[in-house]
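Analysis of the macromolecular model
Here is what each chain is made of, one letter per residue.
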Amino acid sequence: MGIGRKFSVVIKGLILSYAVTGVLLALLAFAVYRFGLGESITDMAIIVIYVVTTFIGAFVVGKKVK
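Scoring rules and cut-offs
Sequence positions are assigned chain by chain, starting from 1 and proceeding in written order. Per-residue local features are limited, in this predicted model, to residues with pLDDT of at least 70; the limit for side-chain atom pairs, both in listing and counting, is 80 or more; totals at the level of whole chains, interfaces and linings are taken over all residues. The basis for the side-chain values is all heavy atoms of the structure; hydrogens and waters are excluded. Every patch collects residues that have over 30% relative accessible area and no salt bridge, joining them within 9 Å if they carry like charges and within 5 Å if they are nonpolar side chains (Val, Leu, Ile, Met, Phe, Trp, Tyr). Residue exposure ignores everything except the shown protein chains as possible cover, and the areas themselves are Shrake-Rupley values with a 1.4 Å probe. Salt bridges are counted wherever a side-chain nitrogen of Lys or Arg sits within 4 Å of a carboxyl oxygen of Asp or Glu. Helix and strand labels come from DSSP, where a helix needs a run of H or I of at least four residues and a strand needs a run of E of at least two; each type is numbered from the N terminus. A 1.4 Å probe rolled over the protein chains alone gives each residue an accessible area, and that area as a share of the maximum for its type sets the label: buried under 20%, exposed over 50%, partly exposed in between. Contacts are assigned to residue pairs that have any heavy atoms within 4.5 Å of one another. In this analysis an axis means a line fitted to C-alpha atoms, helices contributing only their contacting stretch, and an angle means the value between N-to-C directions, from 0 to 180 degrees. By the definition adopted for this analysis, an angle is roughly parallel if under 35 degrees, roughly antiparallel if over 145, roughly perpendicular if from 65 to 115, and oblique otherwise. Handedness of each helix crossing follows the sense of rotation of the near helix against the far helix: counterclockwise by less than a right angle gives left-handed, clockwise gives right-handed. In this count, Pro and Cys sit with the nonpolar residues alongside Ala, Val, Leu, Ile, Met, Phe, Trp and Tyr, while Asp, Glu, Lys and Arg are called charged and the others, Gly among them, polar. Here the expected span of a helix is defined as 1.5 Å times the quantity of residues minus one. Each aromatic pair joins two rings of Phe, Tyr and Trp (for Trp, the six-membered one) with centres within 6.5 Å, and gets the label stacked for planes under 30 degrees apart, edge-to-face for over 60, and tilted for any other angle.

1. Notes on a nonpolar patch on the surface
- Taken together, the side chains of Leu 16, Met 44, Ile 47, Val 48, Val 51, Val 52, Phe 55, Ile 56 and Phe 59 define a hydrophobic patch exposed on the protein surface, amounting to about 820 Å² of accessible area.
- Per-element accounting of the nonpolar patch gives the leading share, 8 residues, to helix H2 (residues 39–65).
- Turning to its location among the elements, Ile 56 is positioned in helix H2.

2. Some thoughts on the side chain of Thr 21
- Tracing the sequence through the fold places Thr 21 in helix H1 (residues 3–35).
- On the basis of relative accessible area, Thr 21 is assigned to the buried category, the value being 12%.
- The residues touching Thr 21, leaving out its near neighbours within four places in the chain, are Ile 49, Tyr 50 and Thr 53.

3. So, the packing of H1 against H2
- Interhelical geometry of H1 versus H2 gives an angle of 155 degrees and a closest axis separation of 9 Å. Taken together, the axes of H1 and H2 are roughly antiparallel relative to one another. For the pair H1 and H2, the sense of crossing is right-handed. Judged by residue contacts, Lys 6, Val 9, Val 10, Gly 13, Leu 16, Ser 17, Val 20, Thr 21, Leu 24, Leu 25, Leu 28 and Val 32 of H1 engage Thr 42, Ala 45, Ile 46, Ile 49, Tyr 50, Thr 53, Ile 56, Gly 57, Val 60, Val 61, Lys 64 and Val 65 from H2.
- Counted by class, the contact of H1 with H2 contains 16 nonpolar, 6 polar and 2 charged residues.

4. Quick word on H2
- Here H2 contains 27 residues, and its C-alpha end-to-end distance of 39 Å stays within 8% of the 39 Å for a straight helix at 1.5 Å per residue.
- Residues of H2 that are buried include every one of Thr 42, Ile 49, Thr 53, Gly 57 and Val 61, and no others.
- Contact partners of the buried residues in H2: H1.
- Phi for Lys 66, located one or two positions after H2, is positive at around 65 degrees.

5. With respect to the environment of Lys 6
- Mapped onto the secondary structure, Lys 6 falls in helix H1.
- C-alpha of Lys 6 to C-alpha of Lys 64: the two residues are 58 residues apart in sequence and 8.6 Å apart in space.
- Sequence-distant contacts of Lys 6, that is, excluding residues within four places in its chain, are made with Met 1 and Val 65.

6. Focus on the packing of aromatic side chains
- Overall, the coordinates contain 1 aromatic pair when judged by the stated rule.
- When the centroid spacing of 6.0 Å and the interplanar angle of 25 degrees are considered together, the rings of Phe 55 and Phe 59 count as stacked. Placement of both Phe 55 and Phe 59 in helix H2 is noted, with a separation of 4 residues, approximately one turn of the helix.
- With a relative accessible area of 57%, Phe 55 lands in the exposed category.

Dropping the structure here:
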């Protein structure tokens, strides 16, 4: 696999991570608005969202690059 191919796979993984992060943060914003979640719950949810989406992006890139 060439360097250009690896680069494009990494970019696609980043775009996927950003898209999933955006969707999950929008859902969290709706939950905070609708249910009045506290600040500590919101902070923890943001950290969990970032960790999960980073794992998803890295997993996808790792599978494609091998």
